Amino acid sequence: DRSESGCRLRGRVANANRVLPGALVAFREHHNVSWTLAVVRRLRKRIGDRIDIGVEYVGRKPLVVTLAADVDGVARSTSVADRKRKYYAAIHLHESSGHPHLPLRTLIMSARDFNAGRCLSLQSDGAEYTVRLNEPIEEHDSFVWLSYALVFRLATDGPTQGRSYGG
């Protein structure tokens, strides 16, 4: 049971109380297919440990990234080893023309660490980026799904180390 925006999943769960509307779930149809990230929209308990959930697609091929903020709250575009930083984990989703159609790059991060307009360092793929967090696409008690603006890129791998790229 599938559409462009989501699908129904049926299965067994150890604790049905952990699968609530608004929860994030990741699934894949086969072991050789990429993961799909979705938000639970509907829940129907069946007999015993079986449930049906209706999910809305958020993105495919989620990637865990590290976000960092300087302790003084100002992200900088250069890397200094002795600088005090606070680190956060986030999920990065690339833009996609398939299902789901997602014309921009987005992040899913903890709601307690989110503040629109905040600049953070995003570390991924051998580079460090300074990004500005945009207004949320969707907000829940535990997470926020948002787009971001690339402010600066500092390469950190191989011969381009230290070279900056405007963005």
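Residues numbered from 1 in each chain as written. Predicted model: local features only at pLDDT ≥ 70, side-chain atom pairs only at ≥ 80, totals over all residues. Heavy atoms only, no water.

## Some thoughts on the overall build of the protein chain
- For the protein chain, the count of helices and strands is zero helices and 11 strands.
- For the protein chain, the residues scored as buried account for 35% of the 167 residues in total.
- Residue pairs at least 24 apart in sequence account for 49% of intrachain contacts in the protein chain once pairs closer than 6 positions are excluded. (Helix = DSSP H or I, 4+ residues; strand = E, 2+ residues; numbered from the N terminus. Buried < 20%, exposed > 50% of the residue type's maximum accessible area, 1.4 Å probe, protein only. Contact = heavy atoms within 4.5 Å.)

## Overview of the pattern of salt bridges
- For the structure shown, the criterion picks out nine salt bridges.
- Measuring nitrogen to oxygen at the nearest pair gives 3.4 Å for the salt bridge that ties Arg 85 to Asp 70. Of this pair, Arg 85 sits in strand β6 (residues 85–93) while Asp 70 sits in strand β5 (residues 63–70); the two residues are 15 residues apart in sequence, bridging distant segments of the chain. Asp 70 matches Arg 85 in its accessibility class, with the two residues each being buried.
- Put simply, Arg 10, Arg 44, Arg 46 and Asp 52 are held in one network by salt bridges that share partners. (Salt bridge = Lys/Arg side-chain N within 4 Å of Asp/Glu carboxyl O.)

## Considerations on the sheet that holds strand β3 (residues 36–45)
- Strand order in this open sheet of four strands is β1-β4-β3-β2, and the pairing throughout is antiparallel. Each end of this open sheet is capped by a strand with a single partner; those strands are β1 (6–12) and β2 (24–27). Averaged over all pairs of adjacent strands, the angle between strand axes in this sheet comes to 45°, irrespective of strand direction.
- Here four bridges tie β2 to β3, and the two strands are oriented antiparallel to one another. By the bridge assignment for β3, Val 25 is matched with Ala 38. (Pairing = 2+ DSSP bridges. Axes fitted to C-alpha atoms, helices over the stretch in contact; angles between N-to-C directions.)

## Section: the nonpolar core
- Formed by 17 residues in total, the largest nonpolar core has its most connected members in Leu 67, Leu 107, Met 109, Leu 120, Leu 122, Leu 133 and Leu 146.
- For this core, the elements supplying multiple residues, two or more each, are β5, β6, β7 (106–110), β8 (119–124), β9 (127–139) and β10 (143–155).
- For this core, the leading source of residues is β9, giving four residues.
- Phe 27, Val 40, Ile 53 and Val 55 belong to the second largest nonpolar core, which has 10 residues in total. (Core = buried A, V, L, I, M, F, W, Y, C linked by side-chain atoms within 4.5 Å.)

## Comments concerning the pairing of β3
- The sheet contact formed by β3 and strand β4 (residues 50–60) spans nine bridges and is antiparallel. Directly across from Val 39, in β4, lies its bridge partner Glu 56.
- Linking β3 to β4, which pair antiparallel, is a turn of four residues; within it Gly 48 sits at a positive phi near 65°.

## What to know about the confidence of the model for the protein chain
- Mean pLDDT over the protein chain works out to 83, with 83% of the residues at or above the 70 mark.
- Element-level mean pLDDT values for the protein chain span from 37 in strand β11 (residues 164–166) up to 95 in β7.
- Of the regions scoring below 50 in pLDDT, residues 158–167 engages in 16 contacts with residues more than four places distant in sequence or in other chains. (pLDDT = per-residue confidence, 0-100.)

## Concerning unusual backbone geometry
- At Lys 61, a position not held by glycine, the phi torsion is positive, near 55°.
- Mapped onto the elements, Lys 61 comes out in the loop between β4 and β5.

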